[in-house]
Each structure stands twice: as C-alpha cells, then as structure tokens.
Amino acid sequence: MNRKKVTVYGVILVLILAIYAVVTGLTDAGVLNSYYSGILIMVCINIILATSLNLSTGFLGQLILGHAGFMSVGAYAAALFTLRAGLPDSIDFLVALLVGGLTAALFGLLIGIPALRLKGDYLAIITLGFGEIIRVIIINLDFTGGARGLRGIPKETNFSWVYLLAVLTVAIIFAFIHTRHGRAVISIREDEIAAEASGVNTTYYKLLAFIMSAFFAGIAGGLYAHHIGILNPSKFDFNYSVEILVMVVLGGMGSITGSVIAATVLTILPEALRDFSSYRMLAYSVVLICVMLFRPSGLLGQYEISLTRLFGKLSGSKGNKTTKNPASGGEKGA
Amino acid sequence: MGFISQVINGLGLGSIYALVALGYSMVYGIVQLINFAHGDIIMVGAYAMFLLLTLAGAPLWAAVLGSILFCVVAGVFIERVAYRRLINMKAPRISLLITAIGVSIFLQNLSQLLFTSSGRTIPSMFDLGTLEAGSLQVPSGSIINILTSVAMMVGLSFLVNKTKIGKAMRATSEDADAARLMGINTNHSIAFTFGLGSGLAAVGAVLYCNTYPMITPYMGGLLGLKAFVAAVLGGIGSIPGAMLGGYVLGVAESLTKGYISSSFTDAVVFGILILVLLVRPAGLLGRNVSEKV
Amino acid sequence: MPLLEAKHLGIAFGGLRALEDVNFQLEENQIMGLIGPNGAGKTTVFNLLTQVYQPTEGTIELEGKSIIGKKTYDVTRGGIARTFQNIRLFKDISVLDNVRIAMNYQMKYSALAGILRLPSYWKEERAMTERAMDLLSVFNLQDLAESKARNLPYGQQRKLEIARALAASPKVLLLDEPAAGMNPTETHELMESIQLIRDRFSISILLIEHDMSFVMGICQRLVVLDYGRIIAKGSAEEIRTNPKVIAAYLGGE
C-alpha cells in the first residue's frame with residue numbers, strides 16, 4: 001500500500017470520528033434534544049437503505065421497487081426476535097439485527113432466484129408485488145400484531161449504534177464495489193451479454209448483489225424497529241420504497257457518496273419544511289422527472305467525491321496515473 | 001351468490017382491467033416502457049367525469065365523451081413532456097421507468113391537493129338494476145362492462161390491423177429506426193399510441209365509475225398495477241392477450257373474494273403474476289423475443 | 001485431434017433454417033477466416049460456438065469435449081472468447097476495468113476477503129492489474145487505461161474488445177469483423193497485432209471479415225458460407241479461384 005492511500009484512510013477515519021464526537025458532544029451538552037437526535041438516527045437509517053439500494057439499482061442496474069418490503073421483513077424479524085427470544089440485553093440487540101438482516105436476505109434469495117432470470121423490467125414489478133404481498137400478509141397474521149401494529153419493542157437503537165452501522169454499511173459496499181466481485185456486478189449493468197461472454201456468471205452476481213441489498217435493508221429495518229418501538233405495516237408501503245429510490249436517483253445511480261449526501265439532505269429537508277408537507281411528494285415527483293430528463297444517471301452520476309482526488313488537487317500534483325485507487329473517500333458524508 | 005354470478009361479476013371487473021391493460025400493452029410494445037402513470041389516467045378520467053357531472057352539470061353522454069377526450073389529451077401531453085426526450089435519446093430503460101413513476105406520483109399528489117384525499121361519490125350513471133334470468137342474478141353493470149370491452153377490442157383490432165396509422169404503429173414497434181427510414185414519423189405513432197391507450201383507460205374509468213361510484217386520488221395505483229399484471233399475464237404486446245389477462249384476473253379476484261377472503265385478493269393477484277412469470281415469462285398469448293447478439 | 005471441431009451443425013429459427021450441415025475444424029495456432037455474403041449466417045456460427053444459441057442439430061467439440069448445453073460464461077471459461085460485430089464494451093467504466101472483468105473468473109479471493117482487504121486481495125489484484133496493463137500495451141492502449149471506454153475512438157474500441165477477449169485466457173479467439181470501420185493504416189496494424197497475439201499467446205483464431213485483402217493476407221484457411229451452408233473450404237488461393245465462391249459474391253450462376 002502506498003503512503004498516499006494510508007493518509008487518505010487516516011483522514012477518513014478522523015472525519016468519521018470527528019462527526020461522531022461533535023454529535024455526541026452536542027447531545028450531551030443539551031444542544032441537540034431528542035427530536036433532533038431522532039432525525040439524525042433516521043438520517044443514518046436512510047443512508048443504510050439508500051446505499052444498499054444503490055448496490056442493486058445503481059451498480060447492478062436492476063430497478064427494485066420493494067426496498068421498503070425488505071426493510072419491513074427485517075424490522076419484524078428483529079423485533080419479534082427481541083420480544084420472544086429473551087436473550088440477555090447485552091447481546092440481544094446485535095443478534096436481533098443480524099436476524100433481521102439474514103431474514104431479509106433469505107427473502108431476497110427466494111424472490112431473486114426466479115425473478116432474476118427474467119430480462120428487463122419484470123424484477124421491478126416482482127419486487128413491487130412482493131412489497132405489497134408482504135404488507136397484506138403482515139396485516140393478516142396474528143403474531144405480527146396485524147393492522148394494529150407490533151408494540152412494546154425495547155428502544156435499544158441509539159445514535160452510536162446506528163452511526164456505527166451506517167459507516168460499516170457504506171464502507172462494506174464501497175469496498176465490495178472495488179473487488180473482482182464488485183466489478184462483475186458492474187459489468188452486468190454495462191452490458192449483460194458482453195459480461196456473460198467475458199466469463200461472468202451473471203445469474204450468480206445478480207443474486208449476490210440483490211441479496212446484499214436485502215440484507216442491509218433488513219438491518220436498517222431492525223434499527224428502525226428498535227428506534228420507534230412500534231411497527232405499523234402501513235409505514236413500509238410503496239411510497240417509502242419510492243422515497244429511498246429518489247435518494248439513490250438524486251444522489252446518482254452508481255455513486256455511493258451521492259447516496260449518502262442525498263439520504264442526509266432528503267431526511268433533514270422534509271423535517272425543516274414540515275409546514276409544506278402536503279407538497280412534499282409533489283415536489284419529489286417533479287424533481288424526479290426533471291433529474292431523469294436532464295441528467296438520466298442522477299445528479300452525481302457515477303461520480304464519487306474523493307479525498308484522494310482532492311489531495312491531488314491541493315498538492316498540485318497530477319492525478320496519479322497508476323491504478324484506480326480503491327480508497328477514495330466514500331465515508332465522508334456519514 | 002352462485003358460482004356463475006361470481007364469474008360474471010369477475011368478467012365485469014376483468015373488463016375494466018382489460019381496457020387498462022390494452023394501454024400498458026401497446027405502450028410497452030412500442031417503446032418498451034412500463035408506463036407506471038397509465039393507471040393514474042383512470043383516476044384522471046374518473047375525476048373528469050365527476051367534475052363534468054356534478055359541477056358542470058353536463059349530460060351523461062357529454063361527460064363520457066369529455067372525460068375520454070380529456071384523458072387522450074393528457075396522455076399525449078404526458079408523452080410529449082415527460083417521455084419523448086428520453087425516448088429519442090435512447091436513454092437507459094431504467095431512466096424512462098423512473099420518469100414514469102415520477103409522473104404517477106405527480107398525478108396522484110396533484111389530485112390530492114386539488115380534491116383532498118377523501119373520496120368523492122359519482123352520481124349514478126347507467127343503472128338498469130339487476131338482471132335476472134331464471135335463478136341467475138347479475139348486476140347490469142357487469143354486462144355493460146363486458147359488452148363495452150369486447151366492442152373496444154374489436155374496434156382496436158381493426159384500427160391496428162387495417163388502418164394506415166395502425167400500420168405505422170406496428171412498424172414503429174417492430175423497428176423504430178427502420179420505420180423512420182421508411183418515412184414514418186415515429187414521434188407521431190408513439191404519441192398516437194399514448195393517446196389511444198389513455199382513451200381506452202378513460203373508457204375503463206367510465207365503466208369503473210358506473211360499477212364502483214367511489215373515487216379517490218390513489219385509486220389508479222392498485223388498479224393500474226393489476227391491469228399491468230393482466231397485460232403480463234396475457235402476454236405483453238398482444239391485444240387479445242391483454243383482454244384475456246384482464247378477464248382471467250377479474251374472475252380470479254372475484255372468486256377469491258367469494259370463496260376465500262377479500263383481504264387476500266391483492267396477494268392472490270401478485271401471486272398469479274409471480275407464478276406466470278416463473279412458468280411462462282412471455283405470458284399466455286405472448287411470443288418470446290430474445291435480444292439480438 | 002483438432003482444437004475446435006463443428007460437425008453437422010444446424011439451427012432453425014421458427015422453421016427458418018439459418019444454418020445447415022456446417023462442418024469445420026480449427027487446428028492449433030491456426031488463423032481461419034469465415035467469409036460469405038451478408039446474411040449467410042456467419043455471426044450465427046459464432047453465437048452457436050459460444051452457446052448464445054443452442055444448435056438444433058450437430059455437435060461442437062473443444063479439445064474433444066462437447067460444449068453443447070453449457071452456459072455462455074462457462075464456454076468462455078473453457079477457452080472460447082469472442083468479440084462482437086457491433087462493439088459491446090462496458091462503456092461507462094475504465095479501459096483497465098474492461099480488461100480486468102474478463103479476468104474475474106481466473107482469480108480466487110472470496111467476496112469477504114475482498115471486502116476485508118486481506119493479503120490475498122492485494123496480491124491477486126496487483127498481479128491482475130499488471131497482466132491487464134501488459135495486455136493493453138500489446139494494443140498500445142496502456143496510456144488510456146484510466147479513460148472511460150466510451151471515450152476511445154472507434155478503432156481503439158475494437159482493439160480494446162480484442163484485449164478484453166484475450167484477458168479471458170482463451171484457446172480459441174472469435175473475432176467478428178475486427179477491421180470494420182478501420183482505415184487502411186489501422187487495418188494493416190491490426191493484421192500485425194492479430195498475428196502477434198496468435199504467436200505470443202499461442203491461440204487459434206477464427207475471424208469473420210469482409211475486407212478481402214485482410215482475410216487473404218492473414219488467414220491460413222478459409223471457410224465460405226452462403227445461405228447457411230458451407231460452399232467452399234481451403235487456402236486463400238483455392239478460395240480466390242473457386243467458381244462457386246465467385247458466383248456467390250457476384251450473385252450470378
């Protein structure tokens with residue numbers, strides 16, 4: 001590893017810690033009340049949702065319209081685990097999150113195996129259908145609390161956990177993209193026939209990316225369940241799936257830093273503009289259409305905000321011409 | 001209610017799906033777009049009916065014609081503003097699909113702002129009471145729906161197969177570039193397809209209002225989705241397929257309501273979709289087209 | 001034993017016979033040309049050899065083993081790599097990554113090892129990048145490694161596609177109109193590179209091409225297709241004087 005890379009990793013780490021220190025410091029000092037820290041927790045949850053959806057939609061190139069469905073599976077699985085398993089508090093939460101993630105991944109596998117064989121837009125429809133079916137099923141089951149919702153989930157999610165998991169999710173997806181497996185996933189987006197002709201097992205990699213997406217959505221669901229304390233099936237509807245999609249599209253399909261920024265802005269902005277909430281979805285739709293018309297690959301496109309590049313410019317040296325640097329600063333906005 | 005009545009009611013409901021499915025199918029055939037906003041055109045048509053009948057006090061025939069005309073214009077306008085640029089620059093299909101989702105959300109929320117989210121009631125329209133034949137009792141609405149949808153399909157088949165504009169549409173959907181070289185204005189045939197599809201959706205809206213007089217800004221979402229399922233079920237791109245898919249879906253839904261539970265109808269609809277895609281991805285009457293290498 | 005052998009190969013699309021009774025053998029280190037008028041079925045032969053289509057009759061054997069029924073990616077891994085008539089690059093990613101993707105299957109580190117950046121990741125990635133740069137330099141593309149593939153001029157895109165196919169370490173390379181759209185200088189360079197890669201990687205090449213001086217100048221053997229059937233086989237000289245071939249090209253009897 002060259003020295004520049006080490007420096008960049010170091011700076012990113014310092015930035016991550018600094019943001020954490022500032023937020024916890026402000027909370028302890030009483031500047032951030034529980035309303036604000038609640039928003040910050042939702043920012044992190046949405047970052048996990050947006051980056052994980054970006055893996056399927058931005059990097060794999062498959063439109064998913066049921067991301068909230070995977071989130072709900074994870075949320076219910078994690079919440080039910082906490083309520084029923086009765087593990088000691090210290091490990092209960094983490095195991096519950098893992099259960100949430102794995103359950104969502106399992107659902108991803110079950111849907112993905114048949115759906116990913118199909119070309120084109122059918123996956124979008126099938127995931128949409130899945131999101132709707134899951135909701136109907138949750139409402140009609142007894143042990144999920146039905147339409148009244150699932151209550152009494154211990155509120156174990158705090159900023160530290162959710163921040164740590166958001167950073168981890170972003171880092172893992174970022175690292176994954178720059179492995180041979182990540183490149184295989186991208187090649188499917190670029191040209192499936194050429195990918196297949198280059199020896200890429202496209203079915204396998206589609207499934208892998210799709211399951212990873214579902215897994216992280218499940219984790220986000222688990223965090224959400226233990227943040228709010230009550231699960232209501234109507235929360236995880238088509239509109240929520242679209243909200244996550246808007247974050248990915250706005251940030252740029254194929255840009256992780258874009259997703260992080262868009263998730264942050266689009267979580268905070270509606271809170272700041274509460275008085276206009278009836279216009280929110282209308283504004284979302286107009287923005288969505290305009291972005292597609294004038295920048296079909298999203299605002300940042302596939303561009304990543306990169307510390308390496310920034311350093312290159314600051315020190316006045318020509319950008320390094322050797323190999324693509326896997327360590328461009330993805331975690332910056334978290 | 002007897003089994004036969006259930007089936008006839010199902011066919012009545014299925015006729016509405018079928019009319020909407022035709023629009024999905026034709027648009028998909030010509031620009032390979034799942035036009036998510038198509039379902040919301042039903043909502044637009046229904047509100048147009050509502051406004052014309054209650055506020056403007058128009059006679060029934062004028063309200064029906066007016067609402068169809070309004071939807072045709074809306075369909076053409078949406079294509080021009082939201083899709084044409086992307087279609088002509090051959091943008092990735094995912095961009096086009098996201099735009100369509102955007103249009104759908106826009107229409108729903110605009111109508112929510114204009115008419116609030118609470119439902120409106122349409123005054124009664126063609127009410128011939130309940131028809132009886134021996135022990136069989138069928139609401140007249142179902143029969144009207146079935147007859148209208150069959151008439152529409154016959155008309156549409158004639159239009160697509162025998163007229164000049166129909167030929168242009170088929171040529172454009174077969175190969176847009178080649179059609180352009182042959183002097184066909186593909187922009188026109190695409191716009192015409194959108195207008196035609198929207199007009200059919202408006203007919204569906206009229207039938208819907210006649211059968212279920214309660215309308216809301218979000219009524220098009222699920223209705224449209226089910227119509228799309230019908231189009232896929234029948235084989236997307238195929239006109240008889242869309243009709244068949246609509247009828248099958250309507251009957252399946254009606255039977256689920258009658259014999260299982262009304263809360264499971266949506267799950268059954270999507271279950272059917274997933275099953276069909278697994279077993280016969282091209283649909284009941286569709287043909288398999290693989291990408292040219 | 002020939003390296004690649006097709007026997008009685010045929011395929012029908014909905015009753016239309018696109019190929020019928022196609023037989024040929026490709027020997028080791030051989031450059032063979034597949035020629036014929038437009039629509040003769042040349043690209044269809046490639047699609048059968050890579051199992052994009054399943055033949056309705058006949059067999060294909062690579063080193064004596066049948067490849068019928070394999071998935072396309074498995075055929076590539078087994079040693080048959082190809083380029084496409086209308087270039088299919090991974091346009092929005094770098095030239096280097098285009099080549100590295102074709103090396104994917106030749107590496108071993110797991111997804112987890114990659115995410116955790118274990119030593120196996122660094123070791124294999126470094127070796128692969130070096131090999132990819134080597135390949136690019138064969139086609140004089142090494143300075144463009146970081147450019148997006150879509151930004152390359154046409155001729156270089158064709159070369160990159162060949163480099164990508166080579167990255168899959170094939171035994172047989174299928175080139176679909178490699179010289180299409182190139183100017184005479186570029187075509188001449190390409191002839192030299194093709195002979196060079198044949199010798200350097202000791203592979204066999206089957207190519208489709210319309211440029212006759214190109215084909216005659218570089219192919220040891222030619223197979224001529226017309227209306228889905230082989231009408232002649234032989235050396236460049238034999239083909240040039242074959243009356244059937246002349247008739248097929250000139251359209252007379």
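Residues numbered from 1 in each chain as written. Chains lettered and ligands numbered in written order. Predicted model: local features only at pLDDT ≥ 70, side-chain atom pairs only at ≥ 80, totals over all residues. Heavy atoms only, no water.

### Structural notes on the environment of Arg82(C)
All names here are of chain C.
Part 1 of the reasoning: By secondary structure assignment, the location of Arg 82 is in strand β6 (residues 80-82).
Part 2 of the reasoning: On a C-alpha basis, the gap between Arg 82 and Arg 164 in space is 9.0 Å, while along the polypeptide they are 82 residues apart.
Part 3 of the reasoning: One polar contact links Arg 82 to Asn 47, side chain to side chain, over a distance of 2.7 Å.
Part 4 of the reasoning: Side chain to side chain, Arg 82 and Thr 50 meet in a polar contact 3.5 Å long. (Helix = DSSP H or I, 4+ residues; strand = E, 2+ residues; numbered from the N terminus. Polar contact = N/O pair within 3.5 Å; in protein donor to acceptor, adjacent residues only side chain to side chain.)

### Let's talk about the sheet that holds β6(C)
Residues and elements named next belong to chain C.
Part 1 of the reasoning: If you trace the 6 strands from one edge of the open sheet to the other, you get β6-β7-β8-β3-β9-β10, paired in mixed fashion. The sheet is open, and its two borders are formed by β6 and β10 (229-234), each paired with just one other strand. Direction aside, neighbouring strands of the sheet carry axes that sit 20° apart on average.
Part 2 of the reasoning: Summarising the sheet, β6 and strand β7 (residues 172-176) pair through 3 bridges and their orientation is parallel. Considered in β7, the bridge of Ala 81 is made with Leu 173. (Pairing = 2+ DSSP bridges. Axes fitted to C-alpha atoms, helices over the stretch in contact; angles between N-to-C directions.)

### Here we look at the packing of aromatic side chains
Part 1 of the reasoning: Summed over the entire model, instances satisfying the criterion amount to 20 aromatic pairs over all chains.
Part 2 of the reasoning: A ring pair is formed by Phe70(A) and Phe210(A), whose centres lie 5.7 Å apart and whose planes are at 85°; its orientation type is edge-to-face. Residue Phe70(A) is located in helix α3 (residues 67-85), and its partner Phe210(A) is located in helix α9 (residues 202-228); the two are separated by 140 residues in the primary sequence.
Part 3 of the reasoning: Taking NZ or CZ as reference, Arg180(A) lies 5.4 Å from the ring centre of Tyr109(C), over its face.
Part 4 of the reasoning: One Lys or Arg, Lys235(A), reaches over the ring of Tyr240(A) and ends 4.4 Å from the middle of that ring. (Phe/Tyr/Trp six-rings, centres within 6.5 Å; stacked < 30°, edge-to-face > 60°. Lys NZ or Arg CZ within 6 Å of the ring centre and 35° of its normal.)

### As for helix α11 (residues 256-272) of chain A
Part 1 of the reasoning: Taking 1.5 Å as the rise per residue, α11(A) with 17 residues should run 24 Å; its terminal C-alpha atoms sit 24 Å apart, in good agreement.
Part 2 of the reasoning: Close packing links the buried residues of α11(A) with α2 (34-59), α6 (159-177), α10 (238-251) and α12 (280-294) of chain A. (Expected span 1.5 Å × (residues − 1). Contact = heavy atoms within 4.5 Å.)

### Notes on a nonpolar patch on the surface
Part 1 of the reasoning: Residues Ile261(A), Val265(A), Leu269(A), Leu273(A), Phe276(A), Tyr279(A) and Leu113(B) make up a contiguous nonpolar surface patch of roughly 610 Å² in combined accessible area.
Part 2 of the reasoning: Looking at which element gives the most residues to the nonpolar patch, the answer is α11(A), with 3 residues.
Part 3 of the reasoning: Locating Val265(A) in the fold gives a position in helix α11.
Part 4 of the reasoning: Looking at Val265(A), the relative accessible area reads 41%, which means it is partly exposed. (Patch = residues over 30% accessible without salt bridge, like charges linked within 9 Å, V, L, I, M, F, W, Y side chains within 5 Å. Areas by Shrake-Rupley, 256 points an atom, 1.4 Å probe, with all protein chains shown as cover. Salt bridge = Lys/Arg side-chain N within 4 Å of Asp/Glu carboxyl O. Buried < 20%, exposed > 50% of the residue type's maximum accessible area, 1.4 Å probe, protein only.)

### Concerning the domain arrangement of chain C
All names here are of chain C.
Part 1 of the reasoning: Taken domain by domain, chain C holds domain 1 (1-79 + 170-253) and domain 2 (90-167).
Part 2 of the reasoning: Here domain 1 and domain 2 have C-alpha centroids that lie 27 Å from each other.
Part 3 of the reasoning: Opposite the 20 residues of domain 1 that make contact, domain 2 presents 11 residues.
Part 4 of the reasoning: Between domain 1 and domain 2 the total buried area reaches about 1,300 Å² when both faces are included, carbon and sulfur atoms providing 73% of it.
Part 5 of the reasoning: Taken together, the links from domain 1 to domain 2 amount to 1 salt bridge.
Part 6 of the reasoning: Of the charged contacts, one joins Glu 189 and Lys 159 as a salt bridge, the two residues approaching to 3.4 Å between their closest N and O atoms.
Part 7 of the reasoning: Counting only elements with at least two residues in the side of domain 1 that touches domain 2, the list comes to α2 (72-78), β7 and α7 (184-200).
Part 8 of the reasoning: The element best represented in the side of domain 1 that touches domain 2 is α7, accounting for 7 residues. (Domains from an automatic or database assignment. Buried area = accessible area lost by both parts, 1.4 Å probe.)

### Notes on the interface of chain C and chain A
Part 1 of the reasoning: Counting from both sides, the interface comprises 34 residues of chain C and, opposite them, 33 residues of chain A.
Part 2 of the reasoning: Here chain C packs against chain A, burying approximately 3,000 Å² in sum over the two surfaces, 57% of which is carbon and sulfur.
Part 3 of the reasoning: Among the residues of chain C in contact with chain A, Tyr73(C), Asn104(C) and Ile115(C) are the three that bury the most area, contributing 19% of the side total.
Part 4 of the reasoning: For the pair chain C and chain A, the interface holds 2 salt bridges.
Part 5 of the reasoning: With a closest N to O distance of 2.7 Å, Glu125(C) and Arg183(A) form a salt bridge.
Part 6 of the reasoning: For the pair chain C and chain A, the interface holds 15 residue pairs in polar contact (both at pLDDT 80 or more).
Part 7 of the reasoning: Where the side of chain C that touches chain A is concerned, the elements lending two or more residues are α2, α3 (95-103), α4 (111-115) and α5 (119-138) of chain C.
Part 8 of the reasoning: Counting residues per element, the side of chain C that touches chain A draws most heavily on α5(C), at 5 residues.
Part 9 of the reasoning: Each residue belonging to the side of chain C that touches chain A can be placed in one class, and the counts come to 15 nonpolar, 6 polar and 13 charged. (Nonpolar A, V, L, I, M, F, W, Y, C, P; charged D, E, K, R; others polar.)

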